[in-house]
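Below, each chain spelled out in residue letters.
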Amino acid sequence: MNKEKLRKEGKNWVKDGIITDQQLEAILNKYVKKDQSYLLILFSVLLIGIGVLIFIFSDWAQVPHFSRLSIMIFCMLTFYIVGHYFAKRSTTQEEDSQRRSHIYGMSFIILGYIFFGATLFLILNVYQVHYLNVWPFIIWSIVGLLLYSIYENPTLFVLALLITIFTQIYSAFAFSTYSSIAFLIFSLGYFYFVFHRSNPVFNYIFAIGLSIQLVIHTVIEAPEYYWMIFFFLLMYTLAHIIPKPHLRQSLIYISLLSIFIFKIYESFLLQESYFLEDMHIQVSFFVIISICLFGAFVYKRRTNPSELIDLLLFLPLFYLPFSFLFVILSMFVFSVYWLVVGFQRKLEDKIIIGIMSFIISTFTAYIQFAWETLNKSLFFLLGGILLFLISFILERKRRTTEIEKGGHTK
Amino acid sequence: MKRLLFYLVILLQLFVLLFLIFQFEKIDQTGHEVKIQTLSSDFPVYDDFIRSDLYVDYDINKIASDKWNDSLPSDYNSRVYVLLQKDKMNVYRTREASADKLEAKGEDEAVLVGTYQYYDVDRDVYYVNYGFEKIKGVDQFGGFKQTDQLIVTLLIGKWGQYKVINIEKWNE
């Protein structure tokens, strides 16, 4: 809790006679103000890193290539060794300077890691290597994993994780291929640490990264776009067997968000006649998705029947006549269900899901029907007012439930 | 223990970088020498000697549809294999192209790996990029204009490495 907030609250407690003045002082002394100076160092590391990367890819004026490479390698080694020295010193000192040394040490190691990647790409640039898959990125990603297993620094992990996700994106855009190796490193190596560290930032970045990998896999490898539904359903279902509650939650939320975004996209596509003509309906898809849906249904009914509505989003609807209407309808049913159930049972997180999905659904439907008929300025104006009204009403309702709920606990 | 592991990881990174440098330095000895012809630019931007970088079109960039064997490329930027063969003038020309792997048989053949760009319906030609369409520091090989037809001598190395070792005018 924030120290200032605690002081304010504490004064009320003293007034009410719950605690004495001395006790309040003792409690407040427990809360040391958090030192934010590491943020400054973090930003300096990031800026230097970005600066180096940009500098590498500009052609250094007339510097012969061998000395360029030696400078880079020398810098990398220096950063690593200095970083290691600081990190080692942090174990032999008292608390405050220990933390400081640790931050410096990690910053230098992260810089060394950035320099390693920069040198790798500089080599490819200097020797004019036209790489046809993402092998340099994969080396960079593996080195990040190795470094993290020695020095468990969250910033280092986030950086390496982002590089791994970017590897897959780059593979898709630059070579139109799906890199299975990048996916293996992501889903085995990085997942291991995400699973064991239970860090919320790791969880969400990993979940978003997984969703991106699935999208790329579908776009490049799958015969038809609708296999996306299957992959998101798989992600949603498999998330339930993960024993860590926070990681499970983030994977479920992100898979729901992903299928929701997919549905928005689908509702537009399904109105295009050329798209419908090109689409082939594969029996194998229906067989597999039915098995998965059935499995998820049985599992959900046993464990948490109120969440069965989630599966509605994963129901394939594209083969129906006027399918886009059904897609939008399913989005509305989902959001209205969570609004009603959330308010009835006072489930804060479900209410938020309901509000968000209701707003997105309304806006999707609004675009479908109003984009072509309305004057554009009127379109945005009405859309803005519509969203404002919805969020206003829903937020008021949410507040009142929160107060009621607070009243109950008192 | 941690310290030892850390130095091991640093050494591994150093080894990777030095290994790559060592491999790429060897191109002068191990690279396969290939002479290819450029097409003169249809739309010269300016008619002056080129000082630094030059973007060229080679004749091997355009591959007629009858050169392709059964496997045609489908996706933009997907990988294609192009088999080149030396002609009487010692210039390499396209003999066969494929989305599947091709092998060079003998000294006067070479296989390049490129990326498929697009299909031109009017000319019935597939465009393929190789990565050496941009030549850096052209002026070190002599004075050339954008309208010149050139013969570019390249060394083709491992893992997609290439090195421009000479540029001369065609029919000089």
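Residues numbered from 1 in each chain as written. Chains lettered and ligands numbered in written order. Predicted model: local features only at pLDDT ≥ 70, side-chain atom pairs only at ≥ 80, totals over all residues.

1. Quick notes on the overall build of chain B
Let me state the cut-off plainly: Each helix is a run of DSSP H or I of at least 4 residues and each strand a run of E of at least 2, with the numbering of both proceeding from the N terminus. A residue is called partly exposed when the number of other C-beta atoms within 10 Å of its own lies between 12 and 20, exposed at 12 or fewer, and buried at 20 or more, with C-beta atoms placed from the backbone. Once C-beta atoms are placed from the backbone, any two residues with those atoms within 7 Å are in contact.
Within chain B one finds two helices and eleven strands. Listed N to C, the secondary structure of chain B is α-α-β-β-β-β-β-β-β-β-β-β-β in terms of helices and strands. Within chain B, buried positions represent 26% of all 172 residues. Taking contacts inside chain B between residues at least 6 apart in sequence as the whole, the part at least 24 apart equals 64%.

2. Regarding the overall build of chain A
The secondary structure content of chain A amounts to 17 helices and zero strands. Structurally, chain A occupies a C-alpha span of about 75 × 65 × 50 Å along its principal axes. Long-range pairs, those at least 24 residues apart, make up 63% of the contacts in chain A with a sequence separation of at least 6.

3. Comments concerning the interface of chain B and chain A
The cut-off we apply is this: Three residue categories are used. Nonpolar comprises Ala, Val, Leu, Ile, Met, Phe, Trp, Tyr, Cys and Pro, charged comprises Asp, Glu, Lys and Arg, and polar comprises the others, including Gly.
Taken residue by residue, the interface counts 24 residues in chain B and 23 residues in chain A. At the level of elements, α1 (2–25) and β11 (162–169) of chain B are the ones that each hand at least two residues to the side of chain B that touches chain A. Residues of the side of chain B that touches chain A, tallied by class, amount to 14 nonpolar, six polar and four charged.

4. Focus on the nonpolar core
For the record, the criterion: What we call a nonpolar core is a set of buried Ala, Val, Leu, Ile, Met, Phe, Trp, Tyr and Cys residues whose membership is set by joining through C-beta atoms within 7 Å.
Formed by 86 residues in total, the largest nonpolar core has its most connected members in I109(A), I110(A), F115(A), F206(A), F232(A) and M235(A). Other than its neighbours up to four places away in sequence, F232(A) contacts L214(A), S255(A), S258(A), I259(A), F262(A) and F314(A). Counting 29 residues, the second largest nonpolar core, distinct from the first, contains V56(B), V80(B), Y126(B) and F144(B).

5. Considerations on the pairing of strand β10 (residues 150–156) of chain B
All names here are of chain B. For the record, the criterion: Strands were regarded as paired on the criterion that DSSP finds at least two bridges between them.
Burial of β10 is one-sided: the residues L150, V152, L154 and I156 facing one way are buried, the residues I151, T153 and L155 facing the other way are not. Sheet topology note: the strand β1 (residues 32–39)/β10 ladder contains six bridges and is antiparallel. Within β10, the residue paired with Q37 across the bridge is I151. Strand direction decides the pairing type here: β10 and β11, joined by seven bridges, are antiparallel. Along β11, the bridge assignment pairs I151 with E168. What sits between β10 and β11 in their antiparallel hairpin is a turn of five residues, with W159 showing a positive phi close to 55°.

6. Notes on the domain arrangement of chain B
Residues and elements named next belong to chain B. Inclusion rule: Each domain's limits were defined by an automated method or a database of domain assignments.
With domains assigned, chain B is organised as domain 1 (1–30) and domain 2 (32–169). Relative to domain 2, the C-alpha centre of domain 1 lies at a distance of 32 Å. Facing five residues of domain 1, the contacting portion of domain 2 comprises five residues. Secondary-structure elements contributing two or more residues to the side of domain 1 that touches domain 2 are α1 and α2 (27–30). Residues of the side of domain 1 that touches domain 2, tallied by class, amount to two nonpolar, two polar and one charged.

7. Things to note about the sheet that holds strand β3 (residues 57–58) of chain B
Two pairing modes exist for strands in a sheet, parallel and antiparallel, and in both the strands are linked by backbone hydrogen bonds. Spatial ordering of the open sheet is given by β3-β1-β10-β11 (chain B), a layout of four strands whose pairing is antiparallel. What marks the edges here is a single partner per strand, and that holds for β3 and β11 of chain B.

8. Comments concerning the sheet that holds strand β7 (residues 109–120) of chain B
Residues and elements named next belong to chain B. Short version of the rule: Note on method: axes are straight lines fitted to C-alpha atoms, helices fitted across the in-contact stretch only, with angles between N-to-C directions ranging 0 to 180 degrees.
A sheet is described by the order of its strands in space; here five strands give the open sequence β4-β8-β7-β5-β6, paired in antiparallel fashion. A strand with exactly one partner marks an edge of an open sheet, and here the two such strands are β4 (62–64) and β6 (92–98). Strand-to-strand, the axes of this sheet are offset by a mean angle of 45°, without reference to chain direction. Where strand β5 (residues 79–86) and β7 come together, seven bridges link them in antiparallel fashion. Counterpart to L84 in the pairing with β7 is A110.

9. Digging into the packing of helix α10 (residues 227–239) of chain A against helix α11 (residues 245–269) of chain A
Residues and elements named next belong to chain A. Short version of the rule: Small angles under 35 degrees read as roughly parallel and large ones over 145 as roughly antiparallel, with 65 to 115 read as roughly perpendicular and the rest as oblique. Should the near helix be turned anticlockwise from the far one by less than a right angle, the crossing is termed left-handed; should it be turned clockwise, right-handed.
In the contact formed by α10 and α11, the axes pass within 8 Å of each other and the chain directions differ by 160°. By the angle class used here, α10 and α11 are roughly antiparallel. For the pair α10 and α11, the sense of crossing is left-handed. Two secondary-structure elements touch here, α10 through M228, F232, M235, Y236 and A239 and α11 through R248, L251, I252, S255, S258, I259 and F262. By residue class, the composition of the contact of α10 with α11 is nine nonpolar, two polar and one charged.

10. A few points about the packing of helix α8 (residues 180–197) of chain A against helix α9 (residues 200–221) of chain A
Residue and element names in this part refer to chain A. Contact geometry of α8 with α9 gives a least axis separation of 10 Å together with a crossing angle of 160°. With respect to their mutual orientation, α8 and α9 come out roughly antiparallel. α9 is crossed by α8, and the crossing has left-handed handedness. Contact residues: α8 offers F183, F186, Y190, F191, V194 and R197, while α9 offers F202, N203, F206, G209 and Q213.

11. Focus: unusual backbone geometry
All names here are of chain A. The residue S176 is not glycine, and still its phi comes out positive at about 50°. One can find S176 in the loop between α7 (154–175) and α8. At S198, a residue that is not glycine, the phi angle is positive and equals roughly 50°. Its place among the elements puts S198 in the loop between α8 and α9. Owing to 12 C-beta atoms within 10 Å, S198 belongs among the exposed residues under this scheme.

12. Some details on helix α13 (residues 283–303) of chain A
So the rule is basically this: An expected span of 1.5 Å times one less than the residue number is assigned to each helix.
With 21 residues, α13(A) extends 30 Å from end C-alpha to end C-alpha; this agrees with the ideal 30 Å at 1.5 Å per step. A small share of α13(A) lies buried, amounting to one of its 21 residues.

13. Quick word on the pairing of β5(B)
On a regular strand, one side chain projects to one face of the sheet and the next to the other, so that they alternate. Residues and elements named next belong to chain B. Judged from the six bridges that link them, β5 and β6 form a sheet pairing that is antiparallel. By the bridge assignment for β6, Q85 is matched with R93. Connecting the antiparallel pair β5 and β6 is a turn made up of five residues, with N90 showing a positive phi of about 70°.

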